[in-house]
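Analysis of the macromolecular model
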Amino acid sequence: MMQQQGMGQLDDLYMEIILDHYKSPRNKADLSHLSDENLHENPSCGDSIKLEVLVGEDGRIASVRFDGHGCAISTASASLMSERFAGKTPDEARELIGVFLNVLRGEEPAETLEEWGDLAVLGGVVQFPMRVKCATLAWHALEKALEG
Ligand code: ZN
């Protein structure tokens, strides 16, 4: 019973933050100048995303922008992520991506994300295996963009 109440609260917060970012995505931009090689897709849901990382002269990420269409979780994940990574070095970013992917794979507890602000709600997606690819799509795209 206690556990069910806890879940209900998580769901409300989860939905509120997810829907806010879905309706008003942060750092969404027209990235039609990027080739389709930069397109990342999640066929099981129909999500697709292009992502661009700009690194400043100080070697830190100046901005993360994304383009595409998808479900609420994939869009919110990209939006939340884009806010989190400005100011990070590429190495810091890669480390955070690794932690996030481990949590979504169930290899680290969801509580690991508790200090990540609103992004922590995405840890709840681990309970919905069908949606994990939605939540991780943008993160794989960012990992790839940092390689290039
Ligand atoms: Zn999706």
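Heads up: these notes are all about the structure in this document. Please read these numbers as outputs of a predicted model, since none were measured by experiment. (Residues numbered from 1 in each chain as written. Predicted model: local features only at pLDDT ≥ 70, side-chain atom pairs only at ≥ 80, totals over all residues. Heavy atoms only, no water.)

**Things to note about the pairing of strand β2 (residues 47-55)**
Across a regular strand the side chains alternate sides, sitting on one face of the sheet and then on the other. Within β2, seven of the nine residues are buried, which leaves it mostly tucked inside the rest of the structure. With three bridges joining them, strand β1 (residues 40-42) and β2 adopt antiparallel strand pairing. Residue pairing across strands places H40 opposite I49, the latter belonging to β2. Count of turn residues in the β1/β2 antiparallel hairpin: four residues, of which G46 carries a positive phi of about 95 degrees. The pairing of β2 with strand β3 (residues 61-69) spans eight bridges and is antiparallel. (Buried < 20%, exposed > 50% of the residue type's maximum accessible area, 1.4 Å probe, protein only. Helix = DSSP H or I, 4+ residues; strand = E, 2+ residues; numbered from the N terminus. Pairing = 2+ DSSP bridges.)

**Comments concerning the packing of helix α2 (residues 72-85) against helix α4 (residues 132-147)**
Closest axis-to-axis distance for the α2/α4 pair is 7 Å, and the angle between their directions is 40 degrees. Relative to α4, the element α2 lies oblique. Note on packing geometry: the crossing formed by α2 with α4 is right-handed. Counting all contacts with α2, which are made through I73, S74, S77, A78, M81 and F85, the residues of α4 involved are C134, A135, A138, W139 and L142. (Axes fitted to C-alpha atoms, helices over the stretch in contact; angles between N-to-C directions. Parallel < 35°, antiparallel > 145°, perpendicular 65-115°, else oblique. Left-handed = near helix turned anticlockwise from the far one by under 90°. Contact = heavy atoms within 4.5 Å.)

**Points about the coordination of the zinc ion**
As a benchmark, a tetrahedral metal site with four donors has ideal angles of 109.5 degrees, while an octahedral site with six donors has ideal angles of 90 or 180 degrees. Within the first shell, the zinc ion binds the protein through C45 (SG), D47 (OD), D47 (OD), C71 (SG) and C134 (SG), at distances of 2.2 to 2.7 Å. Sequence positions of the residues that donate to the zinc ion give the spacing C-x1-D-x23-C-x62-C. Taken together, the residues C45 in the loop between β1 and β2 and C134 in helix α4 connect sequence positions 89 residues apart. On the basis of relative accessible area, C45 is assigned to the partly exposed category, the value being 35%. Taking relative accessible area as the criterion, C134 reaches 1% and is therefore assigned buried. (Donors = N, O, S within 2.8 Å, 3.2 Å for Na, K, Ca; no water.)

**Overview of the nonpolar core**
Membership of the largest hydrophobic core comes to 39 residues, with the highest contact counts inside it found for M81, F85, F100, L122, V125, W139 and L142. Those elements that place two or more of their residues in this core are α1 (2-23), β2, β3, α2, α3 (90-104) and α4. (Core = buried A, V, L, I, M, F, W, Y, C linked by side-chain atoms within 4.5 Å.)

**Remarks on α3**
Three- or four-residue spacings in an α-helix give side chains the same orientation, since the helix completes a turn every 3.6 residues. Taking 1.5 Å of rise per residue, 15 residues should cover 21 Å, and α3 covers 21 Å from first to last C-alpha, within 8% of that figure. Buried residues belonging to α3 abut β3, α2 and α4. Phi for G106, located one or two positions after α3, is positive at around 80 degrees. (Expected span 1.5 Å × (residues − 1).)

Read these as geometric descriptors, not functional statements.
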